[in-house]
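# Analysis of the macromolecular model
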Amino acid sequence: MSKVLIVAEHLNGKLNSSTARCVTCAKAFNAESVAVLVLADAPDAVAAEAAAIAGVDKVLTVANPANTHAIAAVYAPQVVAAAQGYSHVLAPSTTFGKDLAPRIAALLGVAQVSDIADVLGAYTFKRPIYAGNAIVTVEAPADATLVATVRTASFAAAAAGGSATVEALNLTMELPTHTRFVELQQGKSDRPDLQSASRVVSGGRGVGSAENFAVIYKLADKLGAAVGASRAAVDAGYVPSDLQVGQTGKIIAPELYMAIGISGAIQHLTGIKDAGTIVAINKDGEAPIFEIADIGLVGDLFTLVPEIEAALG
Amino acid sequence: MKILVGYKRVVDYNVRIQVKPDGSGVVTEGVKLSPNPFDDIALEEALRLREKGVATDVVVATIGPADCQAHLRNGLAMGANRAIHVVTTQAVQPLTAARTLLKLIEKEQPDIVILGKQAIDDDCNQTGQMLAALWNRPQATFASKVEINGSAARVTREVDAGLEVIDVDLPAVITTDLRLNEPRFIKLPDIMKAKSKPLETIPLESLAVESGDHLKTTAYAAPAKRSKGVMVKDVAELVALLKTKGLV
Ligand SMILES: Cc1cc2nc3c(=O)[nH]c(=O)nc-3n(C[C@H](O)[C@H](O)[C@H](O)COP(=O)(O)OP(=O)(O)OC[C@H]3O[C@@H](n4cnc5c(N)ncnc54)[C@H](O)[C@@H]3O)c2cc1C
């Protein structure tokens, strides 16, 4: 019987939808109970959001100014303390969870399952390796705490409708001060969030410059879509790094993904393989992106993209 | 200041990985092996810190089979002062790797340990964080910029929300992201020079590391293929199709 503790991801007082996706993962192995742990300076608003997720039985909060920012070295010992009596500790496979979960696993002296993509049992999972070129089935020992990260693109967010109890934990422990938050440089954008958007328009090196990216932004705005990019476009400085999609960027699963001026390297494709419909626009008819695209259109993006925008009325 | 760099050998990122027909693994016979790209970046960063006069000693370490020597020579040719080869025939999982690196830390007493954020074979993204936890020291993962200011490092991290800047007291573990730097190319004279640089060999058994290889991989499969799509001739056809699918 598995008792699952999910570490909530939140920023600026808002719960990230990755948390509700972890709940769905836990339900997939019939967790007997699901608790969400909120570490924060002032956790109440986030805790209320977590308590409203269907399937969550309990929300645990730890209020502490030291928890204002998600510092893994500060969070990990608290998660370990809170995890007593739980069989599973889950975190999303976002930069937040990737940073934190191995630190928890190491303190517990257990191995970690990274990037759960499918559930076969409470201790048996599928996960991608080699940039998604192979899928392995891994079995973790059932007699140790299971620490894992959950590939958010593989699980839908659990719906609202829950009414879990919220319980404040009083953890008295000394927390390290060797790691200090300085700042978060966040691009301001009114566009939907790349990781949870249902439509994404991405540009690659073919877009050619930061100025030219306006073409991508305009189409995205017309569609109400988030904007993404290939590594080449980020490396060339066309867009900020948080727009990168792929093996080492964000793994996403929108209903519609438009890859524009992107060749389709395996490292990029691994980030979109769960997308609903992939549209590729590339002037090279031989580009590998067409091998996986649901709809392909060969031609110059600077002609085609404004045409699409116009055709959408 | 001494920097220890984790330097793993992996299947080259250009290789098209094939799963064996019987599902027992992926084909690694005869495929090109290269340093993990993130570890090349880790080594490059260490070398730059040495060139800036921040560090004096750069040690590369790998855990792998006997034929990893050539791989370590590569790291020495890139510019590391010394290499440590922890020899084992078995692929180790991240917790074992972290416990092993901790033994090297105890021996070497580095001020900074730089690792790649993930190895592109198992894509685990765990070892640096585990090592920092076991060492009870700070971690600065997914680094895209590193500045050393005396006894602390200011690290810019690539996170989902943007770029996060943190200060960590040294010693600390740093893991690299792709945009931290562009690794240098190795020149022929450096390959010659590397041959005479010290390379220490340590059998893994002699370090008395408690194994953390708790996970069993029971099957390998090729990823599900997306079904073949259609090519449209123009924008009108594209938009019509998207409308039928209810996507726009
Ligand atoms: C360890 C590692 C990790 C990586 N991680 C990632 C990752 O997470 N995400 C990622 O994306 N990549 C990643 N990469 C890089 C990846 O291998 C590719 O280099 C990258 O995806 C290429 O980006 P691109 O398709 O934009 O550029 P290119 O491959 O240069 O393709 C540009 C495309 O634009 C087309 N084009 C040019 N002009 C026009 C035009 N006017 N109209 C229409 N089409 C045009 C060209 O035909 C071409 O197909 C990684 C690589 C490594 C080694």
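Residues numbered from 1 in each chain as written. Chains lettered and ligands numbered in written order. Predicted model: local features only at pLDDT ≥ 70, side-chain atom pairs only at ≥ 80, totals over all residues. Heavy atoms only, no water.

Our focus in this paragraph is the overall build of chain A. Looking only at helices and strands, one finds nine helices and 18 strands in chain A. Its C-alpha radius of gyration of 21 Å places chain A within 12% of the 20 Å reference for a compact globule of 313 residues. By principal-axis analysis of the C-alpha atoms, chain A measures approximately 60 × 40 × 40 Å. Looking at the 313 residues of chain A, the share that counts as buried comes to 59%. Sequence-distant contacts, at least 24 apart, represent 65% of the contacts inside chain A between residues at least 6 apart. Of the roughly 11,400 Å² of accessible surface on chain A, a fraction of 49% belongs to carbon and sulfur atoms. The centroid of the 21 positive side-chain charges in chain A is displaced by 1 Å from the centroid of its 29 negative side-chain charges. (Helix = DSSP H or I, 4+ residues; strand = E, 2+ residues; numbered from the N terminus. Rg over C-alpha atoms; globule rule 2.2 N^0.38 Å. Buried < 20%, exposed > 50% of the residue type's maximum accessible area, 1.4 Å probe, protein only. Contact = heavy atoms within 4.5 Å. Areas by Shrake-Rupley, 256 points an atom, 1.4 Å probe, with all protein chains shown as cover. Lys, Arg positive; Asp, Glu negative; His and termini not counted. Charge placed at Lys NZ, Arg CZ, Asp CG, Glu CD.)

Let us now look at the site of the ligand. Within the structure, the ligand sits among 30 residues, and R205, S230, V245, S263 and N282 of chain A are positioned closest to it. Surrounding the ligand is a set of residues that belongs to chains A and B. Here an oxygen atom of the ligand sits 2.6 Å away from a polar atom, N or O, in the side chain of R205 of chain A. Contacts to the ligand include G261 of chain A, whose backbone N or O atom sits 3.0 Å from an oxygen atom. In isolation the ligand has 980 Å² of accessible area, and contact with the protein removes 86% of it. Of all the secondary structure elements, the ones that give two or more residues to the shell around the ligand are helix 6 (231-235), helix 7 (266-269) and helix 9 (301-311) of chain A together with helix 1 (37-51) of chain B. Tallied by class, the residues present in the shell around the ligand amount to 11 nonpolar, 14 polar and five charged. (Near = heavy atom within 4 Å. Polar contact = N/O pair within 3.5 Å; in protein donor to acceptor, adjacent residues only side chain to side chain. Nonpolar A, V, L, I, M, F, W, Y, C, P; charged D, E, K, R; others polar.)

All right, on to the environment of V110 of chain A then. Its location among the elements puts V110 of chain A in the loop between helix 4 (95-108) and strand 7 (112-116). Discounting residues that sit within four places of it in the chain, V110 of chain A has contacts with A105, A144, T145 and V147 of chain A together with L95, M130 and H214 of chain B.

Residue and element names in this part refer to chain A. Looking at the assigned domains, one finds that chain A contains domain 1 (3-168) and domain 2 (199-312). Placing a centre on the C-alpha atoms of domain 1 and another on those of domain 2 gives a separation of 31 Å. Every contact between the two is made by six residues of domain 1 and, on the other side, eight residues of domain 2. With both sides pooled, the region where domain 1 packs onto domain 2 buries about 670 Å², and carbon together with sulfur makes up 50% of that total. Here domain 1 and domain 2 share one salt bridge between them. We note a salt bridge from D274 to R151, for which the minimum N-O separation is 2.8 Å. Counting the contacts that link domain 1 with domain 2 gives two residue pairs in polar contact (both at pLDDT 80 or more). Of the residues contributing to the side of domain 1 that touches domain 2, the split by class is two nonpolar, three polar and one charged. (Domains from an automatic or database assignment. Buried area = accessible area lost by both parts, 1.4 Å probe. Salt bridge = Lys/Arg side-chain N within 4 Å of Asp/Glu carboxyl O.)

Residue and element names in this part refer to chain B. The element strand 10 (residues 172-176) is extensively covered by neighbouring structure, given that five of its five residues are classed as buried. Two elements, strand 6 (residues 112-116) and strand 10, share five bridges in a ladder whose sense is parallel. Directly across from I112, in strand 10, lies its bridge partner A172. Pairing of strand 7 (residues 139-149) with strand 10 involves three bridges; the strand directions are parallel. (Pairing = 2+ DSSP bridges.)

All names here are of chain B. By the definition in use, this model includes 29 salt bridges over all chains. Between E51 and R184 there is a salt bridge, with its nearest N and O atoms 2.7 Å apart. Within this pair, whereas E51 is found in helix 1, its partner R184 is found in the loop between strand 10 and helix 5 (188-194), the two being separated by 133 residues in sequence. For K107, the salt bridge identified is with E108, shortest N-O distance 3.6 Å. Judged by its relative accessible area of 42%, K107 falls in the partly exposed class.

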